[in-house]
Amino acid sequence: MSITTTTHLNFTGQARAALEFYQSVFGGSLTIASYGDFGMPADAPGAQNVVFGQVESEGGFRVMAYDIPGQVGGAPDAARAAAADTVAGGGTRRENGMTLTDQPFFVSVRGETLAEVERYWSALSVGASIVEPLAVSAWSPGFGMLTDSFGVTWILDVAAAYPAE
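It should be emphasised that the depicted structure is a prediction, and the values quoted were computed from it without experimental measurement.

## Some details on the overall build of the protein
Right, so step 1: Scanning the protein from N- to C-terminus turns up three helices and ten strands.
Right, so step 2: From first element to last, N terminus to C terminus, the protein shows the α and β order β-α-β-β-β-α-β-β-β-α-β-β-β.
Right, so step 3: Across the protein, the fraction of contacts at a sequence separation of at least 24, relative to all contacts at a separation of at least 6, is 51%.
Right, so step 4: Total accessible area on the protein stands at roughly 9,200 Å², and carbon and sulfur atoms take up 54% of it.

## Notes on the packing of aromatic side chains
Right, so step 1: Applying the stated criterion across every chain, the model contains ten aromatic pairs.
Right, so step 2: Pairing tyrosine 22 with phenylalanine 150 gives two aromatic rings, centres 6.1 Å apart and planes at 70 degrees, and the pair type is edge-to-face. Of this pair, tyrosine 22 sits in helix 1 (residues 15–26) while phenylalanine 150 sits in the loop between strand 9 (143–147) and strand 10 (153–158); the two residues are 128 residues apart in sequence, bridging distant segments of the chain.
Right, so step 3: Put simply, the rings of Phe11, Phe21, Tyr22, Phe26, Phe61, Tyr120, Phe150 and Trp154 pair up and form one aromatic cluster.

## Some points on the sheet that holds strand 8 (residues 129–135)
Right, so step 1: Taken in spatial order, the four strands make up an open sheet running 7-10-9-8, and their pairing is mixed. Of all the strands in the sheet, the pair left with one neighbour each is strand 7 (107–111) and strand 8. The sheet shows a mean angle of 15 degrees between the axes of neighbouring strands, taken without regard to direction.
Right, so step 2: The pairing of strand 7 with strand 10 spans five bridges and is parallel. Bridge pairing in strand 10 links glycine 111 to valine 158.
Right, so step 3: Along the sheet face, helix 3 (residues 114–124) touches strand 7, strand 8, strand 9 and strand 10 and points at about 160 degrees away from the line of strand 10.

Reading the values: rules and limits
Residues numbered from 1 in each chain as written. Predicted model: local features only at pLDDT ≥ 70, side-chain atom pairs only at ≥ 80, totals over all residues. Heavy atoms only, no water. Helix = DSSP H or I, 4+ residues; strand = E, 2+ residues; numbered from the N terminus. Contact = heavy atoms within 4.5 Å. Areas by Shrake-Rupley, 256 points an atom, 1.4 Å probe, with all protein chains shown as cover. Phe/Tyr/Trp six-rings, centres within 6.5 Å; stacked < 30°, edge-to-face > 60°. Pairing = 2+ DSSP bridges. Axes fitted to C-alpha atoms, helices over the stretch in contact; angles between N-to-C directions.

This is the structure in structure tokens:
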């Protein structure tokens, strides 16, 4: 038996833009179906929104997303990314080596080499609020945390070989 776990992100009108951005960062194939594609009248509010979206790369990255029905959004919510500066404002920050957050989850991407992770970091950090710059940590040759312009907090790090006990 085997299973696959895929992060599924919920948006309020930004799913298409987010999925296109994530494909530009991680590569792979992009699948998007709108509510209109599944029978909603084309002129109905939200018909162009994403009912099913996925980015999947040969390297193993996969994320799914959709737009919550009845929710209004539009352009990426830069205010959510800006809120990453304060926990009380609905974001994530690092203080004294600890992560303080009110977010229910982060998306974690682990690469095999620092060069690989640096490529993802460079692309994903465009328009993002940096929580912890990508740098050497006590547990990894490279660790960083950011909240992208869609309000999703990402942890990127390099897999480390820990000594056996």
